[in-house]
Amino acid sequence: MLNAQPYRKGDSMRSLRSNKSAGSLSDRFIKERAKVAAGTYSGYQTQILTRALNDLLDPNPSVTPAFWLRPHVEQEISVLPEADLGRYLFHRYRYDIFPVTKELDDFPPCVQIEPTSICNFRCVFCFQTDPLLTKPKEGHMGQIPLDRFMRVVDELEGNVDFVTMASRGEPLLTKGIEEMLAYASGKFLGLKMNTNATFLTEEKAHAILQADLNTLVFSADAADPVTYPQLRVNGDFDKVMGNIRRFMEIKERDYPKSRMITRVSGVAFDRARQDHAAIEEFWSDFVDQVAFVDYNPWENAYDNDPNGVEEACSDLWRRTFVWWDGRMNPCDVDYRSFLSPGSIEDVSVSGLWTGSAYSHLREQHLAMNRQGITPCRGCITV
């Protein structure tokens, strides 16, 4: 498998079909630049926002990497109140650019909090097919206690704005997920949840909508009851479709002012079985956006042969994961936590992010030594 084609995480969204238009954002950026010049923000925020707004308003082709807005980001900005624009751009710039420039500050641009590692599906492209993850005796299966979730949220509030409630498992399987949503509500500009929608009851629909998420992502890769369970093994297409339809009805009826963006996101896994145009056409009747991300062989990087990829993994500067048991992990390709720098029960999220174990891993990647690290040697993400 030497000389494998790298998977560029920052460019993994292959397509996006949207029912909404963001419109022109230039006037808002000009006003934001004036706020920056007026000293509205701290010194560090001013530095980052100046870089971001210069790229957006005065793009210079000779300057790389350049900060630009992908269509789904433009739509996120379009629903933001004016007062939150600078805060959003500060965090978005760090999320998009720091993984390229390899810059680091006290907190990760994005944190994924894992409500549970348990999943009802065994998708063909997912690590949930590995019994070394799913067998209870291996110790990886569980659900985050509410008090641990609250402690993570408390540390992140005011320091991280891109927070996703999802990782290895299905969030809506989590006992107490309604209380977690309520606790996180209003604390993050980019609060997001991914779900397969199997357990999207009416009660949970209201909990999600009351939490005012920025984005709710439904994972689906097909638009028919035959192909769907072939990819999302154990999935019931009709049930999932019915749950999503009911959710949207509740949203339109009871929460007409909700700014939440709904998206169906699929993995571009098998073009012979996935007619992307037909899938996009079908799901666009139900949600705001339909997207496909490129397939990355997540299933099991531990057993892969060394692949020759030497470029550093961008996720080491983009995000971190907090598992249900408190362990922090640099990525979910390492779903068995070989690379965990420690636990938030002992050290803060910020302390682990900037600590010696994480720093050593980044140094090894920058020195092009990832082929000596498991599972990095079998992973193609850069």
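Placed above this text is the structure.
We now turn to the structure provided with this report. (Residues numbered from 1 in each chain as written. Predicted model: local features only at pLDDT ≥ 70, side-chain atom pairs only at ≥ 80, totals over all residues. Heavy atoms only, no water.)

**Let's talk about the layout of surface pockets**
Over the atoms rolls a probe the size of a water molecule, and in doing so it shows where empty space is left.
Thought 1: Each pocket or cavity is described by its volume, and for the second largest pocket that value is around 300 Å³.
Thought 2: For the second largest pocket, the lining is made up of 15 residues, of which Gln45, Phe90, His91, Gly158 and Asn159 are closest to its centre.
Thought 3: Within the residue set of the lining of the second largest pocket, elements represented by two or more residues are helix H2 (43-57) and helix H4 (85-101).
Thought 4: The residue inventory of the lining of the second largest pocket, partitioned by class, reads five nonpolar, five polar and five charged. (1 Å grid on protein atoms, 1.4 Å probe; cavity = no way out; pocket = protein on both sides within 12 Å on 5 of 7 lines; lining within 4 Å. Points joined across faces, edges and corners; volume = space filled by probe spheres on them. Helix = DSSP H or I, 4+ residues; strand = E, 2+ residues; numbered from the N terminus. Nonpolar A, V, L, I, M, F, W, Y, C, P; charged D, E, K, R; others polar.)

**Describing the pattern of salt bridges**
Thought 1: Inspection of every chain in the model, using the stated rule, returns 24 salt bridges.
Thought 2: One salt bridge connects glutamate 345 with arginine 148, and the closest N-O pair in it is separated by 2.9 Å. Highlighted residues: glutamate 345 in the loop between strand S10 (342-343) and helix H13 (349-353) and arginine 148 in helix H6 (residues 146-156), separated in sequence by 197 residues.
Thought 3: For glutamate 345, a relative accessible area of 38% corresponds to the partly exposed category.
Thought 4: The exposure class of arginine 148 is buried, given its relative accessible area of 14%. (Salt bridge = Lys/Arg side-chain N within 4 Å of Asp/Glu carboxyl O. Buried < 20%, exposed > 50% of the residue type's maximum accessible area, 1.4 Å probe, protein only.)

**A word on empty space enclosed by the protein**
Thought 1: Within the structure shown, the criterion is met by one cavity of 30 Å³ or more.
Thought 2: Together, 18 residues line the largest cavity, and Cys313, Cys331, Val333, Cys379 and Thr381 are the ones closest to its centre.
Thought 3: Sorting the residues of the lining of the largest cavity by element identifies helix H12 (315-318) and helix H14 (356-366) as the ones contributing at least two each.
Thought 4: For the lining of the largest cavity, the residue count by class is 11 nonpolar, three polar and four charged.

**Focus on the environment of proline 61**
Thought 1: Assignment of secondary structure puts proline 61 in the loop between H2 and helix H3 (71-78).
Thought 2: Distance from proline 61 to proline 71, taken between C-alpha atoms, is 20 Å for residues 10 residues apart in sequence.

**Structural notes on the packing of helix H7 (residues 177-184) against helix H8 (residues 202-211)**
Thought 1: Between H7 and H8, whose axes approach to 8 Å, the crossing angle comes to 10°. Here H7 is positioned roughly parallel relative to H8, judged by the angle of their axes. Of the residues in H8, those in contact with Ile177, Glu178 and Leu181 of H7 are Glu203, Lys204, Ala207, Ile208 and Ala211.
Thought 2: A breakdown of the residues in the contact of H7 with H8 according to their chemical character gives five nonpolar, no polar and three charged. (Axes fitted to C-alpha atoms, helices over the stretch in contact; angles between N-to-C directions. Parallel < 35°, antiparallel > 145°, perpendicular 65-115°, else oblique. Contact = heavy atoms within 4.5 Å.)

**Examining the packing of helix H1 (residues 26-37) against H4**
Thought 1: Where H1 meets H4, the closest approach of the two axes is 10 Å, and the angle between their N-to-C directions is 95°. Judged by the angle between their axes, H1 and H4 are roughly perpendicular. Note on element contacts: H4 touches H1 through Leu85, Gly86 and Leu89, opposite Arg28, Phe29 and Glu32.
Thought 2: Residues of the contact of H1 with H4, tallied by class, amount to three nonpolar, one polar and two charged.

**So, unusual backbone geometry**
Thought 1: In the segment running from threonine 64 into proline 65, the intervening peptide bond is cis, with an omega of -5°.
Thought 2: Within the secondary structure layout, proline 65 lies in the loop between H2 and H3.
Thought 3: Residues threonine 374 and proline 375 are joined by a peptide bond in cis, for which omega reads 10°.
Thought 4: The topology assignment puts proline 375 in the segment after H14.
Thought 5: One non-glycine residue with positive phi stands out, namely alanine 197, at about 75°.
Thought 6: Residue placement: alanine 197 occurs in the loop between strand S4 (190-195) and H8.

**Looking at the packing of aromatic side chains**
Thought 1: Inspection of every chain in the model, using the stated rule, returns 19 aromatic pairs.
Thought 2: Between the aromatic rings of tyrosine 302 and phenylalanine 338, the centroid separation amounts to 4.7 Å while the plane-to-plane angle is 50°, which identifies the pairing as tilted. With tyrosine 302 in the loop between strand S7 (289-294) and H12 and phenylalanine 338 in the loop between strand S9 (327-329) and S10, this residue pair connects regions lying 36 residues apart in the sequence.
Thought 3: Accessibility expressed as a relative area gives 5% for tyrosine 302, which makes it buried.
Thought 4: On the accessibility criterion, phenylalanine 338 (45% relative accessible area) is partly exposed.
Thought 5: Within the aromatic cluster, the residues linked to one another by ring pairs are Phe121, Tyr228, Phe237, Phe282, Trp283 and Phe286.
Thought 6: One cation-aromatic arrangement involves arginine 362 over tryptophan 353; the distance from NZ or CZ to the ring centre is 4.4 Å. (Phe/Tyr/Trp six-rings, centres within 6.5 Å; stacked < 30°, edge-to-face > 60°. Lys NZ or Arg CZ within 6 Å of the ring centre and 35° of its normal.)

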